[in-house]
Amino acid sequence: MAPPLRPNAVAFISPQNHPILIRTFDKRDELKYHYVAHTSLDVIEERTNGPTKSNDCYLGLLYAMDDIAAYGYITPLKMKIVLALPLTDSVVRDAEVIMTFKALHLAYYHASSNPFTRLHDMPVGVGSAKWKRFRRKVDEISRAVGGGSVPS
């Protein structure tokens, strides 16, 4: 049995390429994961704007850098999600990564569907108390995937 996925970071990026949330689970290298999120945008743009456009949301492995593998997902509304996993010798199953992306997408969908949450308050943004539940849900999904259980 393959070891469970252990996300190092999750990034939610708006259709205008503004970071909405970059949640790191490895506090030593926060800046590194901001870099991963921003460099992933180039690969995502290349794959989605190329001559062969796919209707699949899952973009697969975007790139591998040092000890990190970056995976991408783009929603139908062009919201991008980047998942940074540790680069190991074990096999990463696409089904597990897709399941994680779908859970993260659903968490964002529920947070943004709240009619009382203003999505474009950039000075406040996701760091505000209104988005606390969303950040908590992202943490729960990371723990559930890392522990091998299915996120709810």
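A brief report on the enclosed structure follows. (Residues numbered from 1 in each chain as written. Predicted model: local features only at pLDDT ≥ 70, side-chain atom pairs only at ≥ 80, totals over all residues. Heavy atoms only, no water.)

**Re the pairing of strand β3 (residues 58-65)**
Okay, so step 1: Counting buried residues in β3 gives six out of eight residues, a clear majority hidden from the surface.
Okay, so step 2: Relative to strand β4 (residues 68-74), β3 runs antiparallel, the two being bridged by six bridges. Note on β4: the bridge partner recorded for Tyr63 is Ala70.
Okay, so step 3: Connecting the antiparallel pair β3 and β4 is a turn made up of two residues, with Asp66 showing a positive phi of about 50°. (Buried < 20%, exposed > 50% of the residue type's maximum accessible area, 1.4 Å probe, protein only. Helix = DSSP H or I, 4+ residues; strand = E, 2+ residues; numbered from the N terminus. Pairing = 2+ DSSP bridges.)

**Observations concerning the side chain of Thr75**
Okay, so step 1: With respect to the helices, strands and loops of the structure, Thr75 is situated in the loop between β4 and β5 (80-86).
Okay, so step 2: For Thr75, a relative accessible area of 5% corresponds to the buried category.
Okay, so step 3: Those residues within four positions of Thr75 in sequence are excluded, and the remaining contacts are Cys57 and His105. (Contact = heavy atoms within 4.5 Å.)

**A few points about the sheet that holds strand β2 (residues 19-24)**
Okay, so step 1: Across the sheet, five strands lie side by side as β2-β1-β5-β4-β3; this open sheet has antiparallel pairing. Pairing within the sheet leaves two strands with one partner each, and these edge strands are β2 and β3. Taken over all neighbouring pairs, the strand axes of this sheet differ in orientation by 15° on average, direction set aside.
Okay, so step 2: Pairing of β4 with β5 involves seven bridges; the strand directions are antiparallel. Across the sheet, the residue bridging to Tyr73 is Ile81, located in β5.
Okay, so step 3: Packing of helix α1 (residues 30-48) onto the sheet brings it into contact with β1 (9-13), β2, β3, β4 and β5, and relative to β3 it is tilted by some 130°.
Okay, so step 4: Its contacts with the sheet put helix α2 (residues 94-112) on β1, β2, β3, β4 and β5, and the angle it makes with β5 is roughly 135°. (Axes fitted to C-alpha atoms, helices over the stretch in contact; angles between N-to-C directions.)

**Let's talk about the environment of Phe101**
Okay, so step 1: Relative to the helices and strands, Phe101 resides in helix α2.
Okay, so step 2: With residues up to four places along the chain from it excluded, the contact list for Phe101 reads Tyr58, Tyr71, Gly72, Tyr73, Ile81, Val82 and Leu83.

**A closer look at the pattern of salt bridges**
Okay, so step 1: For the structure shown, the criterion picks out four salt bridges.
Okay, so step 2: Of the charged contacts in the structure, one is a salt bridge between Asp139 and Arg23, with a shortest N-O distance of 2.7 Å. Highlighted residues: Asp139 in helix α3 (residues 132-147) and Arg23 in strand β2, separated in sequence by 116 residues.
Okay, so step 3: A salt bridge links Arg93 to Glu96, with the shortest nitrogen-to-oxygen separation between them at 3.2 Å. (Salt bridge = Lys/Arg side-chain N within 4 Å of Asp/Glu carboxyl O.)

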